[in-house]
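As a plain string of letters, each chain reads:
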Amino acid sequence: MKKDKKTIMEVSELDPVNSGGFLDISQRILLCAGRGRPSVEFLIELSDILASFFETDVLELWIKERGNCARWEATTNPRRFYRVENATYEALDARIKQGLTFIEEGDKSIACVPLVADKEPIGLLLFKRNQPGSFSSDLKQLCHYVSQTGAIAVTYHRVQLEQRERVKELTCLYEIARIASQQQLSVDQILSQIVAFLPPAWQYPEVTIGRIVLADSVYATEENAVARHLQKADVVIDGVKRGFVEVVYKEDKPELDEGPFLLEERRLIDTIAREIAAIVERKQAEEDRERLQEQLLHADRLATIGQLAAGVAHELNEPLGSILGFAQLASKHADLPEQVEKDLGKIESATLHAREVIRKLMLFARQAPPSKKKVNLNDLIENGLYFLESRCAKAGIDLNRGLTANLPEITADPSQINQILVNLIVNAIQAMEKGGKLSVDTFCDEKFVCMAVADTGSGMSTEIQKKIFIPFFTTKDVGEGTGLGLPVVHGIVTAHGGDIEIQSQPGKGTRFVVRLPIYSKPESIEEGSDHV
Ligand code: ADP
Ligand code: MG
């Protein structure tokens, strides 16, 4: 907008309200302040407007900002805008105190226009023209107006910017809180969602990359970009640095408080890093608590069932003994009708069955102490299989032995080892309703002697595999399964200091491997207390 002395005069004559272009320039200054762009962009536009309006050769702009005082310069030919230096408050205040002044310096005219908002000096404008005596009284009057409007514009822009930064900061923190509050999300999911909210919270979202690094995991909004500027805050958990949050500018941006970053952005990235640390910490605590709870629940269930079983077994054992004894006594009576004899036989076998259930319960409750001695696993298996062979044959099952010769002896309770074998084989037979192949193998390494029982039966889903050691868990019909076989196996194996492993595939078959230690701890030989 070119205006010389003459046109200004004309405008003021034509339009007294606009008094020499005042409304024009005020409107343009305020509009530019209202666009809410980053500070430097605003200052460039402001000086452009003023430079062309006042036809300055050089325009100097001093601005107090965030505890600093910066000095900028805009030249018209060539058209450039750059930060000259950091100025001091004292120098600025001293010049502002002089008020609106016009200086003639050789062949130059300079207008010093202080920017004062609410009596608070916030900056200074120097309009320099390479022409002596070039500020007419109208231009001087306009300088006076600009002194006020300019200050209002700078303040307005600043407030607006602060508000915008605050909104972005709050939005970012709100989003983080919202994501973190979703219970079902894992740390991984939370961090990959949070990282997307970093760029919009910074001044130049289009050139900003957010990155979160935690242990070995990296979450980034963009990969492999070259960083021109970088702001970073550590994620510290329990006093240990576990990772960091990083904001990267892909392009150069003008200097501000921390490189091209705002003071508010430093505070924000620090807060985000602290939030992330808190989220990770809370998630870990939650996971630990859940795991512990599950363990406790399992242990608790086992203990309760154990106590219950032991109590019930004790109570039932005695009357059962009487029933069995009297049934046997009665059956010895001479001249019993045939039917009565048969019925007594049924009582006897039913009682024996009940005793067997009780014995298993006692075993499960570990009330029966193992009486351990040196044994050869192969011998025990051979003996056990002797009684199971015919049952396999009847069910159309091929029995394969793969017993490795010269196994080292182990210290174990032979009847309990037999119990393991029987329970595993009965399960295998039941899993092969239409026949199949059953293999019993032994092998060993330096520390363990192992027995594997494998079938080609129905197999188990992973869901079922998770539950098979839970007492009373069964997939079989009443009368066929008690759900105590595998818990008993587990109890015996652990009492012997060993472990048990399952491999199973639905429709293909199952393989159990029981590993028993060659050298058991001496104290475990004496384990247990009450007898059945
Ligand atoms: P029960 O045999 O009385 O059901 P167990 O504790 O012996 O109780 O076994 C629990 C469950 O584990 C069985 O009901 C069955 O679903 C599953 N299971 C155990 N062994 C096998 C196997 N060899 N093949 C398929 N499923 C098995
Ligand atoms: Mg069973």
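Residues numbered from 1 in each chain as written. Chains lettered and ligands numbered in written order. Predicted model: local features only at pLDDT ≥ 70, side-chain atom pairs only at ≥ 80, totals over all residues. Heavy atoms only, no water.

1. Quick notes on the confidence of the model for the protein
Within the protein, residue pLDDT values average 86, and 90% of them lie at 70 or more. Predicted confidence for residues 1–17 stays below pLDDT 50, and this span has 21 contacts to residues more than four positions away or in other chains. A low-confidence stretch, residues 522–532 stays under pLDDT 50, and its non-local contacts, those more than four residues away or across chains, total 21 contacts. (pLDDT = per-residue confidence, 0-100. Contact = heavy atoms within 4.5 Å.)

2. Some details on the packing of helix α5 (residues 137–180) against helix α6 (residues 187–194)
Packing of α5 against α6 brings their axes to within 10 Å, and their N-to-C directions diverge by 160°. The pairing of α5 with α6 is recorded here as roughly antiparallel in orientation. For the pair α5 and α6, the sense of crossing is right-handed. The residues of α6 that touch α5, namely those facing Ile 176, Ile 179 and Ala 180, are Ile 190, Gln 193 and Ile 194. (Axes fitted to C-alpha atoms, helices over the stretch in contact; angles between N-to-C directions. Helix = DSSP H or I, 4+ residues; strand = E, 2+ residues; numbered from the N terminus. Parallel < 35°, antiparallel > 145°, perpendicular 65-115°, else oblique. Left-handed = near helix turned anticlockwise from the far one by under 90°.)

3. Side note on the environment of Asn 317
In this fold, Asn 317 is placed in helix α7 (residues 263–331). Residue classification places Asn 317 among the partly exposed residues on the basis of a relative accessible area of 21%. Each C-alpha atom, one on Asn 317 and one on Leu 126, is 108 Å from the other, the two residues being 191 residues apart in sequence. (Buried < 20%, exposed > 50% of the residue type's maximum accessible area, 1.4 Å probe, protein only.)

4. Some thoughts on the packing of helix α2 (residues 22–33) against α5
For the pair α2 and α5, interaxial distance at closest approach is 8 Å and the crossing angle is 15°. Considering the angle they form, α2 stands roughly parallel to α5. Two packed elements cross with a definite hand, and for α2 against α5 that hand is right-handed. Between α2, through Phe 22, Ile 25, Ser 26, Ile 29, Leu 30 and Ala 33, and α5, the contact on the second element is made entirely by Leu 142, Tyr 145, Val 146, Thr 149, Gly 150, Ile 152, Ala 153, Tyr 156, His 157 and Gln 160.

5. Let's talk about the pattern of salt bridges
Per the counting criterion, the structure on display carries 22 salt bridges. Where Arg 401 meets Glu 382, a salt bridge forms, and the shortest distance between an N and an O atom there is 3.2 Å. Within this pair, whereas Arg 401 is found in strand β12 (residues 397–403), its partner Glu 382 is found in helix α9 (residues 377–394), the two being separated by 19 residues in sequence. For Glu 382, a relative accessible area of 36% gives the class partly exposed. Members of the salt-bridge network, linked through shared partners, are Glu 60, Arg 71, Glu 85 and Lys 128. (Salt bridge = Lys/Arg side-chain N within 4 Å of Asp/Glu carboxyl O.)

6. Some remarks on the nonpolar core
Membership of the largest hydrophobic core comes to 37 residues, with the highest contact counts inside it found for Leu 377, Ile 420, Ile 425 and Leu 438. For this core, the secondary-structure elements that each account for two or more residues are α9, β13 (410–412), α10 (414–431), β14 (436–444), β15 (448–455), α12 (485–495) and β17 (509–517). The biggest single contributor to this core is α10, with 7 residues. In this structure Ile 425 touches Leu 385, Leu 388, Leu 438, Val 440 and Val 453, once residues within four positions along its chain are discounted. (Core = buried A, V, L, I, M, F, W, Y, C linked by side-chain atoms within 4.5 Å.)

7. A few points about the side chain of Asp 455
Tracing the backbone through its elements, the reader meets Asp 455 in strand β15. Only 2.8 Å separates the side chain of Asp 455 from the backbone nitrogen of Gly 457, close enough to count as a polar contact. (Polar contact = N/O pair within 3.5 Å; in protein donor to acceptor, adjacent residues only side chain to side chain.)

8. Here we look at unusual backbone geometry
The step from Asn 77 to Pro 78 runs through a cis peptide bond, and the omega angle for that step is 0°. On the secondary structure map, Pro 78 appears in the loop between β2 (68–75) and β3 (80–86). Positive phi, normally seen in glycine, also occurs at Asn 224, with a value near 55°. Even without being glycine, Asp 238 reaches a positive phi, approximately 55°. Turning to its location among the elements, Asp 238 is positioned in the loop between β9 (229–237) and β10 (240–249).

9. A closer look at the environment of Lys 508
Structurally, the position occupied by Lys 508 is in the loop between β16 (499–505) and β17. Of the residues examined, Lys 508 reaches a relative accessible area of 59% and is grouped as exposed. Along the primary structure Lys 508 and Thr 456 are separated by 52 residues, whereas in three dimensions their C-alpha atoms are 5.7 Å apart.

10. A look at the site of ligand 1
Residues in close proximity to ligand 1 total 21 residues, the closest being Thr 474, Thr 475, Lys 476, Thr 482 and Gly 483. In the model, an oxygen atom of ligand 1 is placed 2.8 Å from a nitrogen or oxygen of the Asn 427 side chain. Thr 510 is positioned with one of its side-chain polar atoms (N or O) 3.4 Å from a nitrogen atom of ligand 1. Here ligand 1, which alone exposes 520 Å², has 95% of that area covered by the protein. Of all elements in the fold, only α10, α12 and β17 reach the threshold of two or more residues within the shell around ligand 1. For the shell around ligand 1, the residue count by class is 9 nonpolar, 10 polar and 2 charged. (Near = heavy atom within 4 Å. Areas by Shrake-Rupley, 256 points an atom, 1.4 Å probe, with all protein chains shown as cover. Nonpolar A, V, L, I, M, F, W, Y, C, P; charged D, E, K, R; others polar.)

11. Quick word on the sheet that holds β2
Spatially, the 6 strands line up as an open sheet ordered β3-β2-β1-β6-β5-β4, and their pairing is antiparallel. Strand pairing shows two members of the sheet lacking a second neighbour, β3 and β4 (101–105), which therefore form its edges. Direction aside, neighbouring strands of the sheet carry axes that sit 20° apart on average. Sheet analysis places strand β5 (residues 108–117) next to strand β6 (residues 120–129), joined by 9 bridges and oriented antiparallel. What sits directly across from Ser 109, in β6, is Arg 129. Strands in contact with helix α4 (residues 89–97) are β1 (58–65), β2, β4, β5 and β6; relative to β6, the strand with the most contacts, it is inclined by about 75°. Sitting on the sheet, α5 touches β1, β4, β5 and β6, and the angle it makes with β5 is about 40°. (Pairing = 2+ DSSP bridges.)

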